[in-house]
Amino acid sequence: MTEYINLVIAGTVQGLVIALAALAISLSFAVARFPNAATGDTMTVGAYVAVLVQAATAGSLLAGSIAAIIVTTLVSVACYFLVFKKLERRPLVASLIASIGIAFFLRSMLTFFLGFEQHVFQIPISRALNFSGIRIIPIDLWLSGIAILVLAATFVLLFLTPLGRRMRAVAADMDLARASGIRSGRVMIALWAISGVLSAVAGIMVGIKTVVTPDLGWDLLLPAFAAAILGGIGSPGGAVLAAILLGVAQEVSTPFVGFTYKIALSFVALIAVLIVRPAGLFGQPERVR
Amino acid sequence: MTLELRNISKRLGGMLVLDGLSFSAGLDELTGIIGPNGAGKSTLFAVISGFQGGDTGSTRFDGETLDGLRPEQRVGKGLARTFQVPRPFTHLTVRENLAVGAQDQAGEKLVDLFVRPWRVRAQDKAIFERADATIDFLGLGPVAHKPAGQISGGQRKLLELGRALMSEPRYILLDEPFAGVNPVLIEQISERIVEAKARGVGFLIVEHDLSALSRLVSRLLVMDRGRLIADGAPGQVLDDRTVQEAYMGGVVS
Amino acid sequence: MLPYLVTIAIMIGIYGLLTLGLNLQYGYTGLINFGHVAFFAIGAYTSALISLAGYPIALGMAAGTVLAFLAAYPLGLLCLRLRADYLAIVTLSFSEIIRTVLISEEWLTEGTQGLPGIPKPFSSLSQGNADLAYLALVATAMLVAILLMWRLSHSPFGRLIRAVRDDEDAVRAVGKDPAQLKIKTLMLGAALAGLAGAFYAHYVGYISPDQFLPLVTFYAWIALIMGGAGTITGAIVGSSLLLFILEGSRFLRDVVPFVSEVQMASLRLAVIGLGLVLFMLYRPQGLIPDRSQS
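Please read all numbers here as calculations on a predicted model, not as lab measurements. (Residues numbered from 1 in each chain as written. Chains lettered and ligands numbered in written order. Predicted model: local features only at pLDDT ≥ 70, side-chain atom pairs only at ≥ 80, totals over all residues. Heavy atoms only, no water.)

Q: What's the story with the environment of C:Leu17 in this structure? I'm lost.
A: Residue and element names in this part refer to chain C. With respect to the helices and strands, Leu17 occurs in helix H1 (residues 2–28). Note on Leu17: relative accessible area 0%, which makes it buried. Residues Leu17 and Gly197 lie 180 residues apart in sequence; the distance between their C-alpha atoms is 9.2 Å. Ignoring sequence-local partners within four residues, the contact set of Leu17 consists of Ala141, Met142, Ala145, Leu192, Leu195, Ala196 and Phe199. (Helix = DSSP H or I, 4+ residues; strand = E, 2+ residues; numbered from the N terminus. Buried < 20%, exposed > 50% of the residue type's maximum accessible area, 1.4 Å probe, protein only. Contact = heavy atoms within 4.5 Å.)

Structure follows, in structure tokens:
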């Protein structure tokens with residue numbers, strides 16, 4: 001029993017990481033109207049910047065994280081201005097393909113200049129706290145806390161600020177929002193900036209939990225996509241909940257399906273939901289007309 | 001032989017667009033539907049043709065239920081429709097547009113296409129002969145080989161009707177066949193409808209042009225706010241006081 | 001020099017088949033298949049395993065093609081009544097799952113070690129002649145595929161595909177199910193990818209899961225986009241250009257010696273990525289635009 005509680009705890013931490021990425025994808029789905037496949041590799045960029053800056057600044061994770069957030073935000077906003085803004089009025093497939101192209105390009109630049117070696121964050125080794133068999137690693141507590149804080153801040157921004165209200169108006173109907181005087185350009189910049197911040201935090205968290213490699217973000221892209229669909233397209237709250245469920249399900253299933261197939265679980269969950277409830281667990285039905 | 005609607009309701013975005021609507025229309029008749037904007041006419045067509053599911057109620061076509069059938073399956077039963085704003089296949093020629101309307105084509109099945117090419121060829125030839133006959137019938141000869149994206153609005157209306165006829169339906173839901181069409185063409189379309197009726201095709205027609213419609217149909221249904229408020233011969237219905245009030249604030253021209 | 005050119009020509013044929021399959025799916029029908037490599041892998045592994053088990057190569061190739069054809073069915077059934085981007089995500093996931101299966105099911109696939117010693121046809125001939133014969137075989141397959149595509153696009157089936165691209169609701173209003181048609185084209189395109197995979201396996205003689213990365217899917221995409229989606233010539237010109245880029249990078253290495261082999265792989269990825277973005281931005285119709293769709 002305690003073993004399962006430990007898996008649930010590990011899964012929740014993993015789920016929170018997926019949630020950050022899934023939230024970024026869900027927002028791009030809702031506001032920019034395509035699933036941004038570059039989210040994963042933006043995460044990788046964030047992880048690399050953080051781990052390298054940390055190494056250069058004598059171990060300051062804070063400096064690394066701030067640098068990472070700045071860089072991914074710039075990358076993300078630059079992608080908007082250079083690419084996605086110009087594809088706004090074109091069919092969805094154009095932005096989708098371009099986002100794959102950006103993903104490949106970002107990864108190729110990382111591997112070209114930095115190679116394929118693994119990088120490791122310098123984290124003080126800490127002993128797990130043991131509550132009669134239930135182990136809690138302090139770093140997990142920290143990471144979960146930060147993830148929850150970032151998620152909460154994003155939701156506050158979305159639901160309690162004028163900017164969030166405008167963003168949701170654009171998500172509901174871009175033309176109507178524009179007609180009622182909302183500067184959709186600013187909303188888009190905000191969207192891509194938020195997406196950059198979320199990606200950086202997610203990338204750093206994965207890097208701390210495991211190691212920093214060029215595939216770090218891409219490997220998390222599919223679970224994040226799955227969570228965004230499971231939660232219901234354009235439902236940020238749904239995406240976060242689905243991501244946490246997915247994280248827990250992945251860990252709890254590991255004893256049964258083995259380590260390699262746990263990533264397949266997000267796919268199986270995705271398929272199951274598409275069969276039973278195409279609109280996602282928490283979404284409104286939407287079909288091709 | 002009727003199209004029979006029973007207690008059809010449909011709620012869209014919190015508004016009750018269709019409110020327990022019931023009527024039955026003969027499959028060999030011309031029936032018109034009028035009503036002010038927002039009366040629910042388009043939604044009614046969407047529900048009958050299966051593009052939208054009704055919240056309550058049932059639809060029967062010649063005694064057979066249509067409930068749960070997808071739009072394409074309803075066409076298979078002999079129930080065709082047109083769209084208010086014509087939706088031609090813009091990159092296909094007028095002739096090809098009509099050809100797509102033909103049902104049960106061997107050439108649309110992969111096995112037949114490669115195993116029985118001669119059959120496909122013969123059938124496609126017959127389909128195009130029928131398309132050409134339809135082109136003559138509708139007077140679309142001059143634009144037969146033009147992409148449908150390049151023809152005029154009135155010609156699109158004719159093409160829309162022709163494509164529905166190509167499916168050899170027993171009944172057609174016509175959505176505003178006269179909207180944006182010049183008077184000469186209205187005459188022409190009306191004549192074609194009457195001729196098609198003579199060949200055994202019935203029509204349910206939504207239309208705003210009251211004078212053209214009332215000359216055409218033998219029965220007129222009036223909708224307002226999702227309900228049927230009048231039903232009868234055109235002359236009689238248009239004189240009805242409730243209809244005049246609901247429809248045009250009391251004045252029917 | 002000649003053997004090298006033969007190799008290039010064979011690879012153009014293999015990528016050409018892969019791209020023709022994608023052209024049917026995306027170019028003609030508008031399906032966003034981001035998991036093309038899955039069908040390529042299914043064709044390659046099926047054919048390799050069957051021929052390694054001692055059965056004829058032709059049987060393996062046929063089985064690989066059929067299995068890829070069938071594998072596409074459930075995916076189509078699942079997604080094609082839903083949003084267009086669902087298919088993209090589900091197929092992309094599917095291709096990564098297939099790769100995971102290839103890595104994990106070692107009893108069948110030897111896992112990451114891969115399958116060496118896949119039989120080559122024409123092994124009784126000398127190396128050079130065997131390759132020429134193989135090229136003839138690939139070219140024949142390519143020709144058959146082209147004729148098949150041509151027949152398809154000039155038939156009532158092709159007419160219906162074009163109608164679906166114009167207006168799905170209007171297609172339903174004339175009594176035809178767009179989803180059925182899309183499932184068929186998804187399956188046919190997958191079969192071509194499966195055949196391409198089989199040709200690939202028997203040519204290179206060794207396959208392992210890391211030859212079936214999502215990158216391969218986007219090789220086909222960039223070839224299709226460069227050539228111009230929706231035309232047969234576009235697909236072939238595009239795959240030739242792709243091979244030119246991929247192989248050209250080998251010559252580039254002789255010119256700029258300070259770039260390592262590993263970095264060259266990164267540069268290839270960069271070119272594909274940047275190419276996808278730039279074509280989408282500045283030349284979405286490709287180099288040979290489809291005149292019927294302007």
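Continuing now.
Q: Explanation requested: the domain arrangement of chain B in the structure shown.
A: When the parts come together, some accessible area is lost, and that loss is often what is quoted as the size of the interface. Residues and elements named next belong to chain B. By the assigned domains, chain B splits into domain 1 (2–88 + 153–248) and domain 2 (89–150). Placing a centre on the C-alpha atoms of domain 1 and another on those of domain 2 gives a separation of 27 Å. Each side of the interface is counted separately: domain 1 has 19 residues, and domain 2 has 21 residues. Between domain 1 and domain 2 lies a buried interface of about 1600 Å² when both sides are counted; carbon and sulfur atoms form 66% of it. Of all residues in domain 1, Leu159, Arg163 and Met166 give up the largest surface area on contact with domain 2, accounting jointly for 39% of the area buried on that side. Summed over the shared surface of domain 1 and domain 2, the number is one salt bridge. Its salt-bridge partner being Glu168, residue Arg130 comes within 3.7 Å of it at the nearest N-O pair. Of all the elements in the fold, those that place two or more residues in the side of domain 1 that touches domain 2 are helix H6 (153–166) and helix H7 (183–198). Per-element accounting of the side of domain 1 that touches domain 2 gives the leading share, nine residues, to H6. Classifying every residue of the side of domain 1 that touches domain 2 by side-chain character gives eight nonpolar, four polar and seven charged. (Domains from an automatic or database assignment. Buried area = accessible area lost by both parts, 1.4 Å probe. Salt bridge = Lys/Arg side-chain N within 4 Å of Asp/Glu carboxyl O. Nonpolar A, V, L, I, M, F, W, Y, C, P; charged D, E, K, R; others polar.)

Q: Help me understand the interface of chain C and chain A, please; the structure alone is not making it clear to me.
A: On the chain A side, the residues contacting the 45 residues of chain C number 43 residues. Here chain C packs against chain A, burying approximately 4200 Å² in sum over the two surfaces, 77% of which is carbon and sulfur. Summed over the three residues of chain C that lose the most area to chain A, namely C:Arg83, C:Tyr86 and C:Ile89, the buried surface amounts to 15% of that side. Here chain C and chain A share zero salt bridges between them. The interface formed by chain C and chain A contains five residue pairs in polar contact (both at pLDDT 80 or more). Taken together, the elements giving at least two residues each to the side of chain C that touches chain A come down to helix H3 (57–79), helix H4 (84–104), helix H8 (168–173), helix H10 (214–227) and helix H12 (261–282) of chain C. (Polar contact = N/O pair within 3.5 Å; in protein donor to acceptor, adjacent residues only side chain to side chain.)

Q: Explain the sheet that holds strand E2 (residues 15–26) of chain B to me, please; I cannot follow it from the model alone.
A: Within a beta sheet, neighbouring strands are joined by backbone hydrogen bonds and run either parallel or antiparallel to one another. Residues and elements named next belong to chain B. In space, the four strands of this open sheet follow the order E2-E1-E4-E5, with antiparallel pairing throughout. Two strands in the sheet have a free side with no partner beyond their single neighbour: E2 and strand E5 (64–65). Bridge count between strand E1 (residues 2–12) and E2: eight bridges; the pairing is antiparallel. Within the sheet, the bridge partner assigned to Lys10 lies in E2 and is Leu18. (Pairing = 2+ DSSP bridges.)

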